[in-house]
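# A look at the structure
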Amino acid sequence: MKPYLSHIAEHGAERPLEFHLRSVGATAARFARPFGAEWWGMVAGLWHDLGKFQSRWQAYLRSQYADSPHEAEPRGSVPHSLAGAQYAEQVLPNGLGRLLAYVIAGHHAGLPDFHPSEAGYGSLKLRLDEAARNPSKDELGRAFENRAAIPADILEVPALSPDLARMTAEGRS
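What comes next concerns the included structure.

What counts and how
- Residues numbered from 1 in each chain as written.
- Predicted model: local features only at pLDDT ≥ 70, side-chain atom pairs only at ≥ 80, totals over all residues.
- Heavy atoms only, no water.
- Phe/Tyr/Trp six-rings, centres within 6.5 Å; stacked < 30°, edge-to-face > 60°.
- Helix = DSSP H or I, 4+ residues; strand = E, 2+ residues; numbered from the N terminus.
- Buried < 20%, exposed > 50% of the residue type's maximum accessible area, 1.4 Å probe, protein only.
- Lys NZ or Arg CZ within 6 Å of the ring centre and 35° of its normal.
- Contact = heavy atoms within 4.5 Å.
- Pairing = 2+ DSSP bridges.
- Lys, Arg positive; Asp, Glu negative; His and termini not counted.
- Salt bridge = Lys/Arg side-chain N within 4 Å of Asp/Glu carboxyl O.
- Arc of directions from axis to C-beta.
- Core = buried A, V, L, I, M, F, W, Y, C linked by side-chain atoms within 4.5 Å.
- Axes fitted to C-alpha atoms, helices over the stretch in contact; angles between N-to-C directions.
- Parallel < 35°, antiparallel > 145°, perpendicular 65-115°, else oblique.
- Left-handed = near helix turned anticlockwise from the far one by under 90°.
- Nonpolar A, V, L, I, M, F, W, Y, C, P; charged D, E, K, R; others polar.

Inspection of the entire model under this criterion finds five aromatic pairs. Plain terms: the ring middles of tryptophan 47 and tyrosine 87 are 4.8 Å apart, the flat faces sit at 85° to each other, and that makes the pair edge-to-face. Placement of the pair is tryptophan 47 in helix 2 (residues 38-47) and tyrosine 87 in helix 4 (residues 82-91), with a sequence separation of 40 residues. In this structure tyrosine 87 comes out as buried when scored by relative accessible area, which is 5%. Taken together, the ring pairs connect Trp47, Tyr87 and Phe144 into an aromatic cluster. Across from the ring centre of phenylalanine 31, 5.5 Å away, lies the NZ or CZ of arginine 30, which sits over that ring.

Within the element layout of this structure, glutamine 86 appears in helix 4. Residues glutamine 86 and tryptophan 47, spaced 39 residues apart in sequence, show a C-alpha to C-alpha distance of 9.8 Å. The residues contacting glutamine 86, other than those within four sequence positions of it, are Leu128, Ala131, Asp138, Glu139 and Leu140.

For the rest of this paragraph, the subject is the pairing of strand 1 (residues 5-8). As paired elements, strand 1 and strand 2 (residues 14-16) share three bridges and run antiparallel to each other. In the sheet register, leucine 5 faces strand 2, and the bridge partner there is proline 16. The antiparallel hairpin formed by strand 1 and strand 2 contains five residues in its connecting segment, where glycine 12 sits at a positive phi of about 95°.

What follows concerns the environment of leucine 128. The topology assignment puts leucine 128 in helix 6 (residues 124-133). A C-alpha to C-alpha distance of 8.4 Å links leucine 128 and aspartate 138, two positions ten residues apart in sequence. With residues near it in sequence (within four places) discarded, leucine 128 still touches Leu82, Gln86 and Glu89.

Tracing the backbone through its elements, the reader meets arginine 142 in helix 7 (residues 139-143). Buried arginine 142, no salt bridge; nearest opposite-charge side chain is glutamate 139, N-O distance 5.3 Å. Residues contacting arginine 142, with those up to four places away along its chain left out, are Gln54, Arg56, Pro135, Ser136 and Lys137.

Here the focus is helix 5 (residues 96-105). Taken together, the buried positions of helix 5 are Leu96, Gly97, Leu100, Ala101, Ile104 and Ala105. Down the axis of helix 5, the sector holding all buried residues measures 140°, keeping them to one side.

Another point: the nonpolar core. Counting 30 residues, the largest nonpolar core has Trp47, Leu50, Phe53 and Leu100 as its most contacted members. Ignoring sequence-local partners within four residues, the contact set of leucine 50 consists of Leu21, Ala83, Gly84, Tyr87, Ala143, Ile150, Ile154 and Leu155. Residues Ile8, Trp57, Tyr60 and Val78 belong to the second largest nonpolar core, which totals six residues.

This next bit is on the packing of helix 1 (residues 17-32) against helix 2. Contact geometry for helix 1 and helix 2: axes closest at 7 Å, N-to-C directions at 160°. On the basis of their axis angle, the class for helix 1 and helix 2 is roughly antiparallel. Between helix 1 and helix 2 lies a crossing whose hand is right-handed. Across the interface between the two elements, Leu21, Arg22, Val24, Gly25, Ala28, Ala29 and Ala32 of helix 1 pack against Glu38, Gly41, Met42, Gly45 and Leu46 of helix 2.

Moving on to the packing of helix 4 against helix 5. Relative orientation of the contacting elements helix 4 and helix 5 amounts to 175°, with a least axis distance of 8 Å. Classed by the angle they form, the pair helix 4 and helix 5 counts as roughly antiparallel. On the side of helix 4, the interface is formed by Leu82, Gly84, Ala85, Ala88 and Glu89, while helix 5 contributes Gly97, Arg98, Leu100, Ala101, Ile104 and Ala105. Taken together, the residues of the contact of helix 4 with helix 5 sort by class into seven nonpolar, two polar and two charged.

Dropping the structure here:
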């Protein structure tokens, strides 16, 4: 089985997805440390590209470097940034997932509004609601078709810092 990839460099070097997630998590944690937000950076980095575990995304990436045009999917893109946002919303308590979902969903296009604008475009709520209703928009569901390939420790919710643990406990009362 071919490894799951995050990127392929122009010269053909492949970057394994697992390595990419761990590397971005460590780098984001380091950048967030001066703000007391190391936990946030680590988790955002670990989950930001969960959507790249989709078979369709892997085929798209490999098609960009395929030797034969017969192997290639049409050029364009395969959305992947919502999967980690969906996961954060599912597994983190008391609104913490929503905060992290903004960062993850916006890691390419910028931070979205939560509620739709008058045009209804680009809101996080709209994207999450569409994913819940429409399997073709459910990036996390498609990524989890390959859940066995996702290292368990990447999907684990890291221990909350004492401040976050206190906040979540207070939110439940």
